[in-house]
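The primary structure of each chain is shown beneath.
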Amino acid sequence: MTNNVTVVTHPLVQHKLTIMREKDTSSKSFRQLLREISHLMAYEVTRTLPMTTKRIETPLCEMDAPMIEGKKLALISILRAGNGLLDGILELIPAARVGFVGLYRDPETLQPVQYYFKVPTQLEDRVTIVVDPMLATGNSSVAAVDLLKKSGARDIRFMCLLAAPEGIKRMQGAHPDVSIVTAAIDSHLNDHGYIVPGLGDAGDRMFGTK
Ligand code: URA
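Residues numbered from 1 in each chain as written. Predicted model: local features only at pLDDT ≥ 70, side-chain atom pairs only at ≥ 80, totals over all residues. Heavy atoms only, no water.

(A) Spotlight on the site of the ligand. As a structural note, the neighbourhood of the ligand is formed by Met134, Ala136, Gly193, Tyr194, Ile195, Gly200, Asp201 and Ala202. In the environment of the ligand, a nitrogen atom lies 2.8 Å from a nitrogen or oxygen atom belonging to the backbone of Gly200. In this structure, an oxygen atom belonging to the ligand sits 2.7 Å away from a main-chain N or O atom of Ala202. For the shell around the ligand, the per-class residue count stands at five nonpolar, two polar and one charged. (Near = heavy atom within 4 Å. Polar contact = N/O pair within 3.5 Å; in protein donor to acceptor, adjacent residues only side chain to side chain. Nonpolar A, V, L, I, M, F, W, Y, C, P; charged D, E, K, R; others polar.)

(B) A look at the environment of Thr209. Along the chain, Thr209 falls in the segment after helix 6 (202-207). Each residue touching Thr209, except ones within four places of it in the same chain, is listed here: Arg80, Gly203 and Asp204. A polar contact is formed between the side chain of Thr209 and the side chain of Arg80, at a distance of 3.2 Å. (Helix = DSSP H or I, 4+ residues; strand = E, 2+ residues; numbered from the N terminus. Contact = heavy atoms within 4.5 Å.)

(C) Seen up close, the environment of Lys54. Positionally, Lys54 belongs in strand 2 (residues 51-57). Accessibility expressed as a relative area gives 43% for Lys54, which makes it partly exposed. The residues touching Lys54, leaving out its near neighbours within four places in the chain, are Met63, Asp64, Ala65 and Met67. (Buried < 20%, exposed > 50% of the residue type's maximum accessible area, 1.4 Å probe, protein only.)

(D) Region of the structure containing the layout of surface pockets. Computed from the structure, the largest pocket encloses a volume of approximately 760 Å³. Contributing to the lining of the largest pocket are 26 residues, with Asp132, Met134, Ala136, Ser140 and Asp201 lying nearest its centre. Contributions of two or more residues to the lining of the largest pocket are made by strand 5 (97-105), strand 6 (112-118), helix 4 (139-150) and helix 6. The residue makeup of the lining of the largest pocket, split by class, is 13 nonpolar, nine polar and four charged. When its volume is computed, the second largest pocket comes out at roughly 250 Å³. Of the residues contributing to the lining of the second largest pocket, the split by class is 10 nonpolar, two polar and two charged. (1 Å grid on protein atoms, 1.4 Å probe; cavity = no way out; pocket = protein on both sides within 12 Å on 5 of 7 lines; lining within 4 Å. Points joined across faces, edges and corners; volume = space filled by probe spheres on them.)

Following this line, the structure appears as structure tokens:
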């Protein structure tokens, strides 16, 4: 646990992640495992949600029962690989509102350029969970959080499968208030910006593209 970073060390998560890293794992298995891991990680990212109580009546008596406080959560997928984590977390929190952020890297400036942005209203009143499997350079994740903050989001949590130390540093430098939940912190980035040892291109592994 680095400051504001939680590594989900649960054996089920670690076991599934190892299978995902293996280069011969099929796209079908990769997608299924990502969905399963996202369920498990959703527990961690939602662990500190603000709670309230509601007066209810059981068949036996009245009680003040715990409920999640406030407006419905906002789940924000960074396209396209974020959708793999989104599917699983939505199964666990089906009432959440969903947004999408699309960014590509300008080949000359290497800076992220926005091509799609559609998010729920009233982000200032929602816990916002941003999902992207790979926190690599951190450039697109930081740009996505910049955009979400401009749209009003205040309580932002970032959930990924793998993080590079470079990406964590970048996110913590730009957005120290954003907590990060990951299944592993890998060694470093290679010259092409891939996480090492990593799992390759998450989008390609998920969708069977190259
Ligand atoms: N994006 C990926 O899909 N994989 C990496 O290793 C880095 C960024």
